[in-house]
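For reference, the chains in residue letters:
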Amino acid sequence: MSGQTLWIIGGSSGIGLSLVALYLKKGHRVIASAPNTQNSKALNDLKSEYHSSLHLVDMDVSQMQSVKEATQRAWSIYGGVDVALYNAGIYEKMGVDALSFKSVSAICEVNYLGAVRFLTQIVPLFKKQGRGHIAFNVSISSYFGLPFGGAYSAPKAALLNFCESINPELMRENIHLQVINHGFVKTRLTQKNDFKMPQLIEPDEAAQKIYEGLQRPQKFEIKFPWLLTRLIGVLRILPYALAFKITKKAL
């Protein structure tokens, strides 16, 4: 994958930032987007080190006009993009008693609708280019609804279903589509959890696994860690009565 152009949306912290740094280190060209990239000291430090191969493009995925303008700008920097990775996401732990329509709506705007806004802008450009590669950072929480996580996992599940739906069409256009379903990664989002997170990994480790997975674009799903993804995956195929008996223990 040497010498490719990557556009990483949600690249100012966590997994996204680790991916930006990893791809730059491996000699790729990177465009990193976030609502306000100038506020990210880490991104600007990388920009100082990789001034010719890193470009920063502000984008608010909750605003269609911002997505349109950022896409045109990102595409024009190198005259095209090889891989576009949507990593933007927000998270709130929320039980039924604390359910807030405003908060759930805001999460949906970023975790699902933002991805759809981005897709509507990048797909026509990839079609014109004659090839493309899109990856969405979803989550293994998309497999099955877990206690206190519905506000986050429901739009993630919608995104997974949406990707499954459009993938056959994109395949006909020579556009590879991948989803990244991972477990717990030590970021500012998971810091909000007050429970022990099994198989918690560092952002750099997650970035390395994603990097390796993206080198096999024909494989639809990139998933890790091995044990946790399979345990959560089992919930999808169990009878609901048994699955709910298991998840109830998390209360």
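Rules used in this analysis
- Residues numbered from 1 in each chain as written.
- Predicted model: local features only at pLDDT ≥ 70, side-chain atom pairs only at ≥ 80, totals over all residues.
- Heavy atoms only, no water.
- Helix = DSSP H or I, 4+ residues; strand = E, 2+ residues; numbered from the N terminus.
- Expected span 1.5 Å × (residues − 1).
- Bend = angle between axes of the 7 residues up to and from the residue.
- Disulfide = S-S within 2.5 Å.
- Buried < 20%, exposed > 50% of the residue type's maximum accessible area, 1.4 Å probe, protein only.
- Axes fitted to C-alpha atoms, helices over the stretch in contact; angles between N-to-C directions.
- Parallel < 35°, antiparallel > 145°, perpendicular 65-115°, else oblique.
- Left-handed = near helix turned anticlockwise from the far one by under 90°.
- Contact = heavy atoms within 4.5 Å.
- Nonpolar A, V, L, I, M, F, W, Y, C, P; charged D, E, K, R; others polar.

Chemist: Even after reading the chapter, I still don't get unusual backbone geometry, so can you show me in this structure?
Modeler: Between Phe 224 and the following residue, Pro 225, the backbone shows a cis peptide bond with an omega angle of -10 degrees. You can see Pro 225 is positioned in the loop between strand E7 (221–224) and helix H7 (226–237). Positive phi values are uncommon outside glycine, yet Phe 148 reaches one of about 70 degrees. Residue placement: Phe 148 occurs in the loop between strand E5 (132–137) and helix H5 (150–172). Phi at Asn 174 is positive, roughly 60 degrees, even though this residue is not glycine. Note on placement: Asn 174 falls in the loop between H5 and strand E6 (175–182).

Chemist: Sorry if this is basic, but what is going on with helix H4 (residues 101–129) here?
Modeler: Compared with an ideal rise of 1.5 Å per residue, which puts 29 residues at 42 Å, H4 spans 40 Å between its outermost C-alpha atoms and is within 8% of the ideal. Bending of H4 peaks at approximately 45 degrees at the position of Leu 113. Backbone geometry just after H4 places Gly 130 at a positive phi near 90 degrees.

Chemist: Please clarify how the state of the cysteines should be interpreted in this entry.
Modeler: Disulfide: a covalent bond connecting the sulfur atoms of a pair of cysteines. Applying the stated rule across the entire model yields zero disulfides. Among the cysteines around Cys 108, which has no disulfide bond, Cys 163 carries the closest sulfur, lying 15 Å off. A relative accessible area of 0% means that Cys 163 is categorised as buried.

Chemist: Honestly, the packing of helix H3 (residues 64–78) against H4 in this entry has me stumped. Any pointers?
Modeler: Each pair of packed helices can be described by the angle between their axes along with the distance between the axes. For the pair H3 and H4, interaxial distance at closest approach is 8 Å and the crossing angle is 30 degrees. Put simply, H3 runs roughly parallel to H4. Once H3 is placed against H4, the crossing between them reads as right-handed. In contact with Met 64, Val 67, Lys 68, Thr 71, Gln 72 and Trp 75 of H3, H4 contributes Arg 117, Phe 118, Thr 120, Gln 121, Ile 122, Leu 125, Phe 126 and Gln 129. Tallied by class, residues from the contact of H3 with H4 come to seven nonpolar, five polar and two charged.

Nothing here speaks to function; it is all geometry.
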